[in-house]
Amino acid sequence: MAKAVELSAGLEGDEAIARRCFEFVRDEIAHSGDISAEAVTYRASEVLKEKTGWCYAKSHLLAALLRANGIPAGLCYQRLSQGERGAPYSLHGLNAIYLKEHGWYRVDPRGNKKGVDAQFSPPLEQLAFALQDENEGDFEAIYEAPLPEVAEALQCNRDYKMIRENLPDRVLDKKERR
């Protein structure tokens, strides 16, 4: 709660607060896969304490910060190839934010690096990854809580190697696709 208050200090309007929260999580919380972090975080408080999280955990922190500031936020997922193209696949976590001026708007707090440039520029979505093949996809739903397979992966795999070998996946059926 204290971090949410700190991030919103001096700002007016949902869009300005959402931008600051997004940029904080994207830029100040390391993506665990990028730094081979041993800690596997799940809850927003853990991500904030450890200053690292997989994409899913970073999206949990962003949703918590936004909700604490009275901004509706949810969890979203993509199914992406773990490599350049093709199997194996895994889920990728991101967020949807309700902005009064734009409605539901998806953002990706994963963290930028070479080849990844996620931005907050409503109404234009600029996510970390573009879909590459027919087995990848965007889930249509906006979730209040993490998908069960995401929660299980983050709670049962306690180090970098284990989570890397057990990234959650779910095949999208036609009715789930965005």
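This text follows the structure it describes.
Residues numbered from 1 in each chain as written. Predicted model: local features only at pLDDT ≥ 70, side-chain atom pairs only at ≥ 80, totals over all residues. Heavy atoms only, no water.

Q: For the packing of helix 2 (residues 14-28) against helix 5 (residues 55-68), give the residues involved together with the corresponding values.
A: Interhelical geometry of helix 2 versus helix 5 gives an angle of 155 degrees and a closest axis separation of 10 Å. Considering the angle they form, helix 2 stands roughly antiparallel to helix 5. The handedness of the crossing between helix 2 and helix 5 comes out as right-handed. Residues Ala 18, Cys 21, Phe 22, Phe 24, Val 25 and Arg 26 of helix 2 touch helix 5, and the partners they reach there are Lys 58, Leu 61, Leu 62, Leu 65 and Leu 66. (Axes fitted to C-alpha atoms, helices over the stretch in contact; angles between N-to-C directions. Helix = DSSP H or I, 4+ residues; strand = E, 2+ residues; numbered from the N terminus. Parallel < 35°, antiparallel > 145°, perpendicular 65-115°, else oblique. Left-handed = near helix turned anticlockwise from the far one by under 90°. Contact = heavy atoms within 4.5 Å.)

Q: Account for the pattern of salt bridges, with residues named and values stated.
A: The tally for this structure, following the rule as stated, stands at 11 salt bridges. Taking the shortest distance from any N to any O, the salt bridge between Arg 170 and Glu 149 comes out at 2.8 Å. Remark: Glu 149 occurs in helix 6 (residues 148-156) and Arg 170 occurs in the segment after helix 7 (160-165); sequence separation between them is 21 residues. For the salt bridge of Glu 176 with Arg 170, the shortest nitrogen-to-oxygen distance reads 3.5 Å. Residue class for Arg 170 comes out partly exposed when judged on its relative accessible area of 22%. Beyond isolated ion pairs, a larger network of salt bridges with shared partners links Arg 106, Glu 125, Asp 138 and Arg 178. (Salt bridge = Lys/Arg side-chain N within 4 Å of Asp/Glu carboxyl O. Buried < 20%, exposed > 50% of the residue type's maximum accessible area, 1.4 Å probe, protein only.)

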